[in-house]
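Residue-level structure breakdown
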Amino acid sequence: MNEDKDFEEIAKTIQRMIDREEEAIYSRVVIREYRNPSNLGFIEDPDVSSEVTGICGDTMKISLRIKNNRIIDACFWTDGCGATIASGSMLTKMIKGKNIEKAADISDRKLLDALGGLPEEHRHCATLAVATLQKAVKQYLEKKKNLGKKR
Ligand code: FES
């Protein structure tokens, strides 16, 4: 019984240390998005989905539902780090309701600003999210163009 309590206390102390370390490195926005991400998962039968593997070897997937050229739903999935989860979460929130071309205009800088910045060694995580979105948009526009040609 006492051993269980000791273990619980040790686990709580370790968690507090991890939390403090994260809070020293990341902005409040990044921590919020990472600990409680929005739009994590997959859209069933999406209008388009894309997948990109970044320079670190981690992957992001984005799926979109589009109606009248507007993104009405967006989801992401990643096997990457907390900064990537925060990036996917923030980016999918930023693009929901946006015109598809406007969404593709979101730059790494814009996403980094919305996140309150990322440490230098994690900036590529935001780049990965933006590259995955841009790939999805490109694929969607090509698909649309090809459908137009067939008519
Ligand atoms: Fe690989 Fe963040 S995406 S470290």
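Reading the values: rules and limits
Residues numbered from 1 in each chain as written. Predicted model: local features only at pLDDT ≥ 70, side-chain atom pairs only at ≥ 80, totals over all residues. Heavy atoms only, no water. Axes fitted to C-alpha atoms, helices over the stretch in contact; angles between N-to-C directions. Helix = DSSP H or I, 4+ residues; strand = E, 2+ residues; numbered from the N terminus. Parallel < 35°, antiparallel > 145°, perpendicular 65-115°, else oblique. Left-handed = near helix turned anticlockwise from the far one by under 90°. Contact = heavy atoms within 4.5 Å. Nonpolar A, V, L, I, M, F, W, Y, C, P; charged D, E, K, R; others polar.

Attention now goes to the packing of helix α1 (residues 2-25) against helix α2 (residues 28-35). At a closest axis distance of 8 Å, the pairing of α1 and α2 adopts a crossing angle of 130 degrees. In terms of axis orientation, α1 runs oblique to α2. Crossing angle aside, the handedness with which α1 passes α2 is right-handed. Contacts between α1 and α2 involve D19, E22 and E23 on the former and, on the latter, I31, Y34 and R35. Along the lines of polarity and charge, the residues of the contact of α1 with α2 split into two nonpolar, no polar and four charged.

Moving on, we come to the environment of G117. If you trace the backbone, G117 turns up in the loop between α5 (108-114) and α6 (123-150). In sequence terms G117 and E101 are 16 residues apart; their C-alpha atoms lie 24 Å from each other. If near-sequence neighbours (up to four positions away) are discounted, G117 is found in contact with S27, V30 and L112.

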